[in-house]
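Examination of the molecular architecture
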Amino acid sequence: MAEDFAKAVEDGLKLAKRIYLGKDKAVMTAPKPPSPPVQGLADYYLPSAPMVYAVISDPGFVDNPDFPSYQPHVYGRCDPPALIPLQMSGVDLEVNCYGDTAFVQISGKWRVHCVMGSHSCDCRIAVPMGNQGSILGVEVDLPKKSYSTELVGLEESKCIEKIARPQDGGFMKPHIFMLTIPQVDGGTNISIKLRWSQKLLYNDGQFTLTVPFSFPEYVTPAVRKISKKEKIQLNVNSGIVTGILCKATSHPLKETKRHAEKFSFLYESEVLTWSKTDFSFSYSVSSSNMFGGVLLQSPPLYDHDQRDMFCVYLLPGSQKSTEVFKKEVVFVIDITDSMQGRPLEATKNAISSAMSKLGPEDSFNIITFSSETSLFSASMELASKEAIERATTWLSTKSTVEGSTCISIPLEHAYEMLSNTSGSLPMIFLITDGAVEDERNICDQMKKRLKNSGSLCPRIHTFGIGSFCNHYFLRMLAMISRGEFDAVCDLDLIDNRIQKLFSNAFSTVLADITVDAFNDHEQIEVYSSCIPDLSFESPLTICGRYEGSFPETLKAKGILGDLSSFVMDLKIVRAKDIPLDRVLSRQEIDLLTAQAWLSENKQLEQKVAQLSKVTCNISEYIRMVLLEKNKIDKAIESSGSQKVKKTDPHKIKDPLAPRKTLLQSLSVGFGDLTATAENIRPGFEQQKLPDAAEVFLKATSDCCGRMCNRCCCMCCIQCCSKMNDQCAIVLTQIFTALAFIGCIECCTLCCGQDGQ
């Protein structure tokens, strides 16, 4: 899908050459972009900042809406449609950071500069988000209409008649949200407000925020007299009592306010071209040792759960002299046929890299599985250089095999290998792309085993590849064992994300964490039944609800890498100016959804759905709809001139009510047993056009000596107004091929010569 999008943008930029700025002189809408790398076309044209595109099916509509150029008429259509990036006339970025969570809002103005004023086109919005981004809402304002997104329950969604096409709303990639606004007139100015949340990265005591804010040159208006204002507002409330220190920023921010753990910055300027770099900002916490605290807050009035909220945060500090645990590691890898190609190769590379980071006192083993299980060694091996080389060689010989996915048996093998560990932190890394039928039973059995394992029981760190595996099963398996969970649907990110999971686990500095009063206080509910370990690579957040009074003092306890005990006092603070319900909502939804899946609890599902709607976070139990409001109808209503027709009262629909369009499901689901059984690969794409398309391409390859890179016909539109013999022959071949395919498109990459 990303490749198709990039190709459509490339064709749109070529098509934009039709646009004239008047005065009988052809001027491109923007400077010609440099040629993209052959191997990186998709990444080159994917949005690196919020963008809006005109969806062009009829190339004859492409022209300057202010100065028609009266170009020769173009026959045919673009199938699939081309995407012309719209020019942007203003952009405001506002970021509010709370702890490790950022809420981003971008407000911008775009103009449909490439479609005749007498015609209209769909406009597609693309919203790239930062680290672990989650879309919260889109608002669009037009002269006659307005649009906005809203979340509704599953039952309510069944009553919505109009359903959007897949390309009109959804995720093109896991971090890029797309939404199509229908039929916008040429020359229209569009005001759009985009909201999402994302996570700050943490490393060595420093938080770093990166927001996609790099605009390509071709979105800058060609008319230089147009005022172009760029504004960035950054507000940070760390929620941490200890001092913080600003480290670096990508844009010239000016500090406007600072008080204890809160500070604000502002950047505002008239610019010639829009920002060419992502907005980034980092700050450090001035503590070298582990520390933590508790934030308390009353629920907002709209909250379905009226119990008070709490958030316990633990930070590892910036001092890395603390001893990490000795490790015993078992890698459990899915090698069913669906893992063929990039998934398995990336997994092998990540495991080889992880083994090289083990110390000589650590031990490891590898288990591969499909319907059968294979072990690198019958017992755990010390991580010597020679053993790692043998394991790497053994792993490189492993290839995908046909067969079903069986997780319980290799997981049992791994657990047995680590059942007698002493003086070390045992870890199991489970990597799979499939779902299995006995997932709830696996969780129940592991929960019983882990409960009887005592201190430092095996941690199960899970990693899911694609959407066919059950992310909530993998999350629950990690949760009950104090492990970590991660997943990717973008195959290009597998290696990086698995290595991040390994790095987090290997840098554990505090394990078996408990908070006194949690187990003894019946009025306190902790969403995670077992508190995960604390790593140097990331802070730890524990959230929940409570009734009555919260304990006045609180201590966190755990085991350090040298196996000594650790106790830390947690300072309790009433959170001010921090929307704790929004900050914790994403974590709360994910944890409660995993619990609802395991227990099959309908009340818990309803709780998640309600939480999703009030915090605007996507979940498994809601759907997103696009609301369309007609400003003209609203004006008529306010003037009192609307007439009510007599009709059947049971069939009356409020004409002023927003029109709702149901978007495709945006959640990942609970796995796909059928796709797993059939070994369908994650990221599977539809096959290319049939062989008739090749005839089509061959017919068009000689047109003006240029060949378009699209699987359909393209006729020259900037050649001469006459046609020579060669063009006549080509057109004959074109229409012969059309009998098999039925699609035609105009060529916008003309040589600029008159048919020679």
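Placed above this text is the structure.
Residues numbered from 1 in each chain as written. Predicted model: local features only at pLDDT ≥ 70, side-chain atom pairs only at ≥ 80, totals over all residues. Heavy atoms only, no water.

Let us now look at the side chain of Arg 307. Examined against the element boundaries, Arg 307 turns out to sit in the loop between strand 19 (291-297) and strand 20 (308-315). There is a polar contact of 2.9 Å between the side chain of Arg 307 and the side chain of Asp 305. Engagement of the side chain of Arg 307 in a polar contact is seen with the side chain of Glu 525, the distance being 2.6 Å. Not counting residues within four places of it along the chain, the set of residues in contact with Arg 307 comprises Pro 299, Glu 525, Tyr 527, Arg 545, Tyr 546, Glu 547 and Lys 607. (Helix = DSSP H or I, 4+ residues; strand = E, 2+ residues; numbered from the N terminus. Polar contact = N/O pair within 3.5 Å; in protein donor to acceptor, adjacent residues only side chain to side chain. Contact = heavy atoms within 4.5 Å.)

This paragraph deals with unusual backbone geometry. Following Asp 79, the chain continues to Pro 80 via a peptide bond in cis, the omega torsion being 5°. Inspection of the secondary structure puts Pro 80 in the loop between strand 1 (51-56) and strand 2 (82-85). Positive phi outside glycine occurs at Cys 616, with the angle close to 65°. Here Cys 616 lies in the loop between helix 11 (602-615) and strand 34 (622-630).

Turning next to a negative patch on the surface. On the surface, Asp 92, Glu 94, Glu 268 and Glu 270 cluster together to form a negatively charged patch. When contributions to the negative patch are tallied by element, the ones reaching two or more residues are strand 3 (87-98) and strand 17 (262-270). Tracing the chain through its elements places Asp 92 in strand 3. A relative accessible area of 36% places Asp 92 in the partly exposed class. (Patch = residues over 30% accessible without salt bridge, like charges linked within 9 Å, V, L, I, M, F, W, Y side chains within 5 Å. Areas by Shrake-Rupley, 256 points an atom, 1.4 Å probe, with all protein chains shown as cover. Salt bridge = Lys/Arg side-chain N within 4 Å of Asp/Glu carboxyl O. Lys, Arg positive; Asp, Glu negative; His and termini not counted. Charge placed at Lys NZ, Arg CZ, Asp CG, Glu CD. Buried < 20%, exposed > 50% of the residue type's maximum accessible area, 1.4 Å probe, protein only.)

In summary, soluble globular proteins display a tendency toward joint burial of nonpolar side chains. Ranked by internal contacts, the top residues of the largest apolar core, which has 149 residues, are Val 95, Leu 234, Phe 279 and Leu 477. No other element matches the 10 residues that helix 10 (residues 580-599) contributes to this core. Beyond its immediate chain neighbours, meaning those up to four positions away, Phe 279 contacts Leu 93, Val 95, Leu 209, Thr 210, Val 211, Phe 213, Ile 232, Leu 234, Thr 249, Ser 250, His 251 and Leu 253. Grouped together as the second largest cluster of nonpolar side chains are 39 residues, Leu 344, Leu 395, Ile 431 and Ala 511 included. (Core = buried A, V, L, I, M, F, W, Y, C linked by side-chain atoms within 4.5 Å.)

Our focus in this paragraph is the sheet that holds strand 31 (residues 540-546). Pairing is mixed in the open sheet, where 8 strands are placed in the order 29-31-20-19-33-32-28-30. Where the open sheet ends on each side, the last strands, each with one partner, are strand 29 (524-526) and strand 30 (534-535). Sheet topology places strand 28 (residues 508-515) next to strand 30; 2 bridges connect them, and they run antiparallel. Paired with Leu 510 across the two strands is Leu 534, which belongs to strand 30. (Pairing = 2+ DSSP bridges.)

So, about the pattern of salt bridges. It is possible for side chains bearing opposite charge to pair when their charged atoms get close. Taken as a whole and judged by the stated rule, the model has 38 salt bridges. Lys 199 serves as the salt-bridge partner of Asp 100, at 3.6 Å between the closest nitrogen and oxygen. In this pair, Asp 100 sits in the loop between strand 3 and strand 4 (101-111) while Lys 199 sits in strand 11 (residues 189-199), placing the two residues 99 residues apart along the sequence. Judged by its relative accessible area of 19%, Asp 100 falls in the buried class. Here Asp 577 and Lys 262 are joined by a salt bridge, their closest N and O atoms 2.9 Å apart. On the criterion of sequence distance, the pair formed by Asp 577 in the loop between strand 33 (565-574) and helix 10 and Lys 262 in strand 17 is long-range, its members being 315 residues apart. Judged by its relative accessible area of 56%, Asp 577 falls in the exposed class. Counted as one network, the salt bridges with shared partners bring together Lys 7, Glu 10, Asp 11 and Lys 14.

Turning next to the packing of aromatic side chains. This model, assessed by the stated rule, comprises 24 aromatic pairs. Centroid distance Phe 5 to Tyr 53: 5.2 Å. Interplanar angle 90°. Geometry classified as edge-to-face. Linking Phe 5 in helix 1 (residues 2-15) with Tyr 53 in strand 1, this pair joins segments that are 48 residues apart in sequence. Taken as a pair, Phe 5 and Tyr 53 share a single burial class, namely buried. A ring pair is formed by Phe 263 and Phe 265, whose centres lie 5.6 Å apart and whose planes are at 80°; its orientation type is edge-to-face. For Phe 263, a relative accessible area of 1% corresponds to the buried category. (Phe/Tyr/Trp six-rings, centres within 6.5 Å; stacked < 30°, edge-to-face > 60°.)

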